[in-house]
Structure formats: structure tokens, C-alpha cells
Amino acid sequence: MNLPHLPALRRGKPYESLDKVDVLNHRTGQPMATVSQVGAGILRKDLSRIGEARAALKKLSVADLIEISSKAGEHFLNGTLPLGDKGHTQTPQEYIETLSATSGLPHIMVKRNMAKIHFALTNVRIVLNGLTRGLPLDVLDRGYGEQSGAAVSYYPTTNALGLVMPSNSPAVNSLWLPAIALKTPVIIKPGREEPWTPFRLIQAFMAAGAPPEAFGFYPTDHEGSGEVMKLCGRALIFGDAGTVAQYRDNPRFSVHGPGFSKILIGDDQIANWRDYIDLMAASISENGGRSCVNASAIVVPKHAAEIAEALAERLGPIAPTGPTDESARLSGFANPKMAEFIDAAIEDGLKTPGAVDVTAKHRNGTRKTEFEGGIYLRPTIVLCDSFQHPLANREYLCPYASVVETPQTEMLKQIGPSLVVTAITKDPEFTSQLLDSSLIERLNLGPVPTMKISWDQPHEGNMFEFLYKRRSIERGW
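Source: prediction; values computed, not measured.

Any chance you could explain unusual backbone geometry here in plain terms?
Leaving glycine out, the prevailing phi sign among residues is negative, and the prevailing peptide bond configuration is trans. The phi dihedral of R133 is positive, around 60 degrees, even though this residue is not glycine. Within the secondary structure, R133 is located in the loop between α6 (124–132) and α7 (138–142). Here R133 falls in the exposed class, since its relative accessible area comes to 60%. The backbone of H303 shows a phi angle near 65 degrees, a positive value even though the residue is not glycine. Secondary-structure assignment places H303 in the loop between β16 (295–300) and α13 (304–315).

Here it is in C-alpha cells:
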């Protein structure tokens, strides 16, 4: 079988390494492609010349790069693009099938993630307008200008953006896309089971006219990932709480760990909780529960048991389906050990008094299950008696949420940092407290799913403020 070979891309140029790994079909274990691996030494050598990549982007205006980004979005969604360096190509349907086979995402979820990436690329101008708060973008071409009648000047904080990417969901790649329009090269360490999306995006950008030098694609080991983090002036890091904790207080890094996103229902709306069950269920389960913006806790002042039961009735019966099933709602695990770890962690947490797996009686079989060779975790709703329970404020890569009953007056004291909070309340005082809270990065007021993202508003760090810094300026001529 003539497998595709994904090379490293060094300033956009293919590089075949003697050290290669196979990317496997999560169901059958069959290789889907070989991927060249590079060591830390190559990264150090290439990053010493990263100024050349920055210079290639500086030759283009922001307006030019916005247009290139939009064209790249069309190529990504609809184009047949190179897949590796051995003459293979990849249609959109082949991308869907391949990504599904190695990541466990069903086809319908891959398509939805593709649509999100396409939207982000074709609306970069809107995204940048939101990130820069209306800055005239030619200011970045000149380095200075005016905004709202005030003199402004911005300078780049780095010559490159480092990216240590995960394998859980292709749409996370949308986070780095504005960097190209902001004239910043990207150095990507792809996820082991998901090299497909960053590689396809790079090919789409180059097909649209972006300079190849702006892209580094470096499949590498733990040491190489460390070099990406160390040598790029700015970097995005993805991982669990333990992985990202060491980077959280360093301004060089934008940390993307667990979101601990939540839905809060106020005293004034809790009597209407049945009206919001669909919203809660969707927030918990969309995208297979893999996203940091999936709700992982439902916090209510009363009716917790009834709400947990209603959610369990909706989500508990969900079972694995074939990857081509358009109604598929669960994702398989490319790494079965991760599924085993999560299942064991939930079972261990249930041993502590004060928590009940309400979904257990609604599912046919065990939480961890095998289907057509794939390993899946079925939805889990846990009713907890307090936020002090070990399962009350946890997040897993599957449809999981706790339901916790807490007085409204105590909610903001107990929920902890939250990437997204949907607050279903019209209470002016509670709304004011929510708006003042430093614990909430994105606030949805009213019945808005936690999964709903506005691309012109940053929900996890502002990419413009991460890559540019304002300076004072005076001009005498």
C-alpha cells in the first residue's frame, strides 16, 4: 500500500526525516500515513532564522493577507490539496474520512469543525476588527497612525507564534488563523493523531498565495515541543490542568486548558428550568463533549435532582454509531488508555459520598463501551451535593457534567475560574455581579448555549494583544 508521507515543513519546504511514525486508524489499527519526526536540534536551527519568515509576511499588507486568508478558507473547505510530498492529494471528503478514522470524530462533527474554520478564515476582517477594537489595519503596515483621533503605534511582540496543538478537535486550529493576517509566522507542532488539519490549512494558505516561509510544521517529541515553547517569543499551549499550570502566569504563553464552562440559573428563572433542558443538553454534548466551551457543570439554586434526571433521560441513552451516521453524537477515542483513565476517574469519584451517576439507569450497558472496534465513553450526568465534591468541578473529553444545587448568593464564590458562563437570569443585581466577576472569561446573559462563539470577541485570550504591544509615539515631521 502506497501510504501518504507527511514531511516536516521547514519554512514551508518539505523535509523527510529518517525517523517516522505511523498515524493509525483508531478502529482497525491500520496505518493511514507516515509522518516524519524532527528533533530539537532542527527546531533550534530553523528558529534561528525565523526573521526571514517574518520578513516574507511584512512584504504584504494586512489587507492583502486578509484576502489570502479568505481564499485559503475556500481552498480548505472545497479544494483538492497536496497531502504530503509523494504526489498524494486530498479532497475535502478524503480529509473528512481520514480525520475521522484517526481521531474518532464522526464525519458530521468533522464537517461542523470544517465549517467553523472556514468561517473564521473568510471573516478575518471582522475578527480583526473585534480584536483590535476598530483599529485601522494599515496602522500595522506603517507601525503608527491614528485611532479615534489619538496617535497610536504598535510593534510585534515576537517573530513567530509557536503552537503545540492537541488532537481532540480540529476547530482549535481556528485560534491561530488570525496570526497570518497579523504578519506573524506560525511554528506548529501537530497533535500525534491529528496532523491533518494543520497540514491542510498550510497547503490552503500556500495555494491562496501566502509565502511558504511563514509556515513551520514540525512533528516532534516532548523535547521538541519544549523548544517550540522556549524559542518562539509567543506560544499557545494546550493540555490538561497539570500540563498548562506551569505556563499560566507567563505572559509569553497563551494557555488553553480545561474550560470548566458552566450554566447558572438564577432564582428568578429556576421555576422555568424545563424550558432550558434542550439548551443544557446541547451545551454538554455538542462536538462529542470534547470542547473547552462544553458545559461541565449546571449550577442551580433548587430542583437539582429533577434537572439531573431530565438531562440523564436525554443524554443517557445516547450510544455509539458508525462514523458516517449523520445523527452521530459520540466520538471514539484514538487513545483507548485515555478513555480508560476517564472512566476510572469518574468511578473513583463516585466512591466519595455525595454524588450519583444519574445516567447509569438510562444507558444500556457500561459507560466505557466498544463499538465496531472503537472505544467510546457514553454521556455521564452526576448529581453532586456540593461544589466540594471531587466530581463537581471536573471536565473530561466526553459528554460529562455535574449538577450542583447552590444558593444564588454563593454561586460566584464557588464556581471558580470559568471559560464560559451562560447565566439564565433577568435579575439586575445578579447580572451586575456576573459582569463584575473576574472568574468569567466569556459571559452569555440569557438562554445562549455555552458552545456559541462570536469570532469578533475573544473568548480565550486576544490574539492581537498577544502578538502586538502599543507604544507611545510623537512625530516631529
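Is there a simple way to think about the pattern of salt bridges in this case?
Pairing is possible between side chains of opposite charge, provided their charged atoms come close. Tallied over the entire structure, the rule returns 18 salt bridges. A salt bridge links R10 to D46; the shortest N-O distance between them is 2.8 Å. On the criterion of sequence distance, the pair formed by R10 in strand β2 (residues 8–10) and D46 in helix α1 (residues 40–47) is long-range, its members being 36 residues apart. By relative accessible area, R10 is classed as buried at 17%. Residue E465 is joined to R133 by a salt bridge in which the shortest nitrogen-to-oxygen separation is 2.5 Å. Taken together, the residues span a long stretch of sequence, with E465 in helix α17 (residues 463–467) and R133 in the loop between α6 and α7 at a distance of 332 residues. Residues participating in the shared-partner salt-bridge network are D343, E347, D357, R363 and R367.

Sorry, what's going on with the environment of P323 here?
By secondary structure assignment, the location of P323 is in the loop between α13 and α14 (336–350). With relative accessibility at 22%, the residue P323 sits in the partly exposed group. On a C-alpha basis, the gap between P323 and E97 in space is 8.6 Å, while along the polypeptide they are 226 residues apart. Excluding its chain neighbours within four sequence positions, the residues that come into contact with P323 are R27, S100, P106, H107 and E372.

Any chance you could explain the packing of aromatic side chains here in plain terms?
For any pair of aromatic rings, geometry is given as the distance between the ring centres together with the angle between the planes. Under the counting rule described, the total for this entry stands at eight aromatic pairs. Residues F464 and Y468 carry aromatic rings whose centres are separated by 5.6 Å and whose planes lie at 20 degrees to one another, so their mutual orientation is stacked. Taking the relative accessible area as the measure of exposure, F464 reaches 3% and is therefore buried. According to the relative accessible area criterion, Y468 is buried, its value standing at 4%. One aromatic cluster is present, built from ring pairs that chain together Y154, F464 and Y468. For the cation-ring pair, R10 lies above Y15, with the distance from its terminal atom to the ring centre recorded as 4.7 Å.

Any chance you could explain the nonpolar core here in plain terms?
The nonpolar side chains of a soluble globular protein tend to be buried with one another. With 67 residues, the main nonpolar core has L128, L161, W176, V186 and F205 as its most contacted residues. The element contributing the most residues to this core is helix α5 (residues 107–122), with seven residues. Beyond its immediate sequence surroundings of up to four residues, V186 is in contact with L161, L163, W176, A179, I180, A214, F215 and G216. Counting residues in hydrophobic clusters, the runner-up holds 29 residues, among them L264, F387, Y396 and V421.

Thresholds applied
- Residues numbered from 1 in each chain as written.
- Predicted model: local features only at pLDDT ≥ 70, side-chain atom pairs only at ≥ 80, totals over all residues.
- Heavy atoms only, no water.
- Helix = DSSP H or I, 4+ residues; strand = E, 2+ residues; numbered from the N terminus.
- Buried < 20%, exposed > 50% of the residue type's maximum accessible area, 1.4 Å probe, protein only.
- Salt bridge = Lys/Arg side-chain N within 4 Å of Asp/Glu carboxyl O.
- Contact = heavy atoms within 4.5 Å.
- Phe/Tyr/Trp six-rings, centres within 6.5 Å; stacked < 30°, edge-to-face > 60°.
- Lys NZ or Arg CZ within 6 Å of the ring centre and 35° of its normal.
- Core = buried A, V, L, I, M, F, W, Y, C linked by side-chain atoms within 4.5 Å.

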